[in-house]
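# Coordinates in review
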Amino acid sequence: MNLDVATVLSEFDAQVRRGLDHDGSGAVGERAGPVVRWRPAGGEGWSGVVWSDLDATTADAVIADQVRFFADRGEEFEWKLYSYDQPPDLGQRLLAAGFVAEDTEALMVADAAEIGASAGAGGALPAGVRLVPVTDEAGLEAVTEVHDRVFGADPRLRSELAAQLRNSPDTVVMIVVAMAGDEPVSSARVAFDGTDFAGLWGGGTLPRWRGRGIYRALVGYRARLAVARGYRYLQVDASPESRPILERLGFTCLAETTPYLWSPG
């Protein structure tokens, strides 16, 4: 199915970027004038601006307001910029305000049912590899090991995933790890946030196991979980390495997204 890019992007904006009651992780979303921002309910966690309604006359003042808000709390935060956000030079304005741009990714979306069917057919795992749902500390250890070896260490990842499993098992996020014998070789998770869009996150495979169908199998596995829960779409922030694989599976690029990070001091 060919997605109507304009329609799906409008739905994504309304439900995912502007929605305030769908996160489920315990984070708090709020509308602060022309932006939507999220903060952890307590303690450590991700903070950021995910949507804005700005123009050339208002952007600098709103950016300064958000910097002051998080600076007063001594918190790092991310401004998640999409390529269609206004004004067109918003990224340059964020850099001028002290933000640092990280790698740009592609916002990829697909019909969940189609991906569940197509990625399942022909998505066989290599001999000796099996997919295991993560439900306990041993599983979290395996996921953390894969993430650290593929993406580099993230000191917050394990505690955040443990909190999600503890607070809302099987409903908000599901995590799966691919095991080759006793070795974790790939892992991924899917987030169910109450919108029409199930989010695919954290997909990574150890280099020597790439190109053997594991990533494809993980996408199909998560797509079928989403379909079983009534989700229409799959959404991925795809790296340049993942984007061509997802395009071959049937995903469409709706936009590009770049995280801009601001840190106290």
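All of the points below concern the structure found in this document. (Residues numbered from 1 in each chain as written. Predicted model: local features only at pLDDT ≥ 70, side-chain atom pairs only at ≥ 80, totals over all residues. Heavy atoms only, no water.)

### Overview of the overall build of the protein chain
Basically, it comes down to this: Helix numbering and strand numbering both begin at the N terminus, where a helix is a DSSP run of H or I of at least 4 residues and a strand a DSSP run of E of at least 2. Radius of gyration here uses only the C-alpha atoms, and the compact-globule reference equals 2.2 Å multiplied by the residue count raised to the power 0.38. Residue exposure (1.4 Å probe, protein chains only): buried if accessible area is under 20% of the type maximum, exposed if over 50%, otherwise partly exposed. Any pair of residues with heavy atoms lying within 4.5 Å of one another is described as a contacting pair. Surface exposure here means Shrake-Rupley accessible area, sampled with a 1.4 Å probe, where a residue is shielded only by the protein chains that are shown.
Looking only at helices and strands, the protein chain features 8 helices and 12 strands. For the protein chain, whose C-alpha radius of gyration is 19 Å, the value lies close to the compact-globule estimate of 18 Å for 265 residues. When the backbone C-alpha atoms are referred to their principal axes, the protein chain occupies close to 60 × 40 × 30 Å. Counting the 265 residues in the protein chain, one finds 48% classified as buried. The contacts in the protein chain between residues at least 6 apart in sequence include a share of 70% that link residues at least 24 apart. Counting every atom, the protein chain has about 12300 Å² of accessible surface; 50% of that belongs to carbon and sulfur.

### Some details on the nonpolar core
Operational definition: By nonpolar core we mean a set of buried residues, namely Ala, Val, Leu, Ile, Met, Phe, Trp, Tyr and Cys, connected to one another through side-chain atoms within 4.5 Å.
Of all hydrophobic cores here, the largest spans 23 residues; its most connected members are Ile115, Phe192, Val219, Leu234, Leu246 and Phe251. Those elements that provide at least two residues to this core are β6 (105-111), α4 (112-120), β10 (197-205), α7 (214-228), β11 (233-238) and α8 (243-249). Looking at this core element by element, the count peaks at 5 residues for α7. For Phe251, the contacting residues outside a window of four places in its chain are Met108, Val109, Ala110, Ile115, Leu200, Val219, Leu234, Val236 and Leu246.

### A closer look at the pattern of salt bridges
Quick note on the threshold: Take a side-chain nitrogen of Lys or Arg and a carboxyl oxygen of Asp or Glu: if they are within 4 Å of each other, that pair is a salt bridge.
Taken as a whole and assessed by the stated rule, the structure comprises 16 salt bridges. In this structure, the salt-bridge partner of Glu137 is Arg158, at a minimum N-O distance of 2.6 Å. Placement of the pair is Glu137 in helix α5 (residues 137-151) and Arg158 in helix α6 (residues 157-167), with a sequence separation of 21 residues. Residue Glu137 is classed as partly exposed on the basis of its relative accessible area of 49%.

### A few points about the pairing of β11
Look at any regular strand and the pattern is simple: side chains alternate between the two faces of the sheet. The criterion, for reference: If DSSP finds at least two bridges between two strands, the strands pair.
Along β11, 6 of the 6 residues are buried, which leaves the element largely enclosed by surrounding structure. Burial along β11 is two-sided: Tyr233, Gln235 and Asp237 facing one way and Leu234, Val236 and Ala238 facing the other are all buried. When β6 meets β11, the two strands line up antiparallel, connected through 6 bridges. Directly across from Asp111, in β11, lies its bridge partner Tyr233. Here 4 bridges tie β10 to β11, and the two strands are oriented parallel to one another.

### Brief notes about helix α2 (residues 59-72)
Think of an α-helix as 3.6 residues a turn; residues three or four steps apart then line up on the same face. Where we set the bar: Expected helix span is given by 1.5 Å per residue-to-residue step, counting one fewer step than there are residues. The arc in question is formed by the directions pointing from the helix axis toward the C-beta atoms.
Under the 1.5 Å per step criterion, the end-to-end length of α2 is 20 Å for 14 residues, consistent within 8% with the ideal 20 Å. Within α2, the full set of buried residues consists of Ala59, Val62, Ile63, Gln66, Val67, Phe69 and Phe70. Seen along its axis, α2 keeps its buried residues to an arc of 160°; they face one direction. Residues of α2 that are buried make contact with β1 (28-32), β2 (35-39), β3 (48-52), β4 (77-82), α3 (90-96) and β12 (252-262).

### A few points about the environment of Ala112
One can find Ala112 in helix α4. Each C-alpha atom, one on Ala112 and one on Leu225, is 9.3 Å from the other, the two residues being 113 residues apart in sequence. Dropping the residues within four chain positions of it, Ala112 is found in contact with Ala223, Val227, Tyr231, Arg232, Tyr233 and Leu234.

### Let's talk about a negative patch on the surface
Inclusion rule: Without a salt bridge and with relative accessible area above 30%, a residue can belong to a patch; like charges are then joined within 9 Å and nonpolar side chains (Val, Leu, Ile, Met, Phe, Trp, Tyr) within 5 Å. In this tally Asp and Glu are treated as negative and Lys and Arg as positive; neither His nor the chain ends contributes. In this description, the location of a charge corresponds to atom NZ of lysine, CZ of arginine, CG of aspartate or CD of glutamate.
Residues Glu76, Glu102, Asp103 and Glu241 make up a contiguous surface patch of negative charge. Following the sequence through the fold, Glu241 ends up in the loop between β11 and α8. Note on Glu241: relative accessible area 60%, which makes it exposed.

### Some thoughts on the packing of aromatic side chains
Aromatic ring pairs are defined here through the distance separating the ring centres and the angle between the ring planes. Condition: By convention, a stacked pair of Phe, Tyr or Trp rings (six-membered ring in the case of Trp) has centres within 6.5 Å and planes under 30 degrees apart, an edge-to-face pair has planes over 60 apart, and any other such pair is tilted. Criterion for a charge above a ring: Lys NZ or Arg CZ within 6 Å of the ring centre, and within 35 degrees of the ring normal.
The full count for this structure, using the stated rule, is 10 aromatic pairs. Here the aromatic rings of Phe12 and Tyr82 are separated by 6.0 Å at their centres, their planes lie at 65°, and the arrangement is edge-to-face. One end of the pair, Phe12, is in helix α1 (residues 5-17); the other, Tyr82, is in strand β4, with 70 residues separating them in the sequence. The two residues Phe12 and Tyr82 agree in class, both being buried. Taking the centre distance of 5.3 Å and the plane angle of 85° together, the rings of Phe77 and Phe99 count as edge-to-face. Pair noted here: Phe77 is in strand β4 and Phe99 is in the loop between α3 and β5 (100-101), with a separation of 22 residues, a long-range link. Both residues of the pair, Phe77 and Phe99, count as buried. Positioned above the aromatic ring of Phe69 is the side chain of Arg37, whose terminal nitrogen or guanidinium carbon lies 3.4 Å from the ring centre. The cationic tip of Arg73 hangs over the ring face of Phe69; the distance from NZ or CZ to the ring centre is 3.8 Å.

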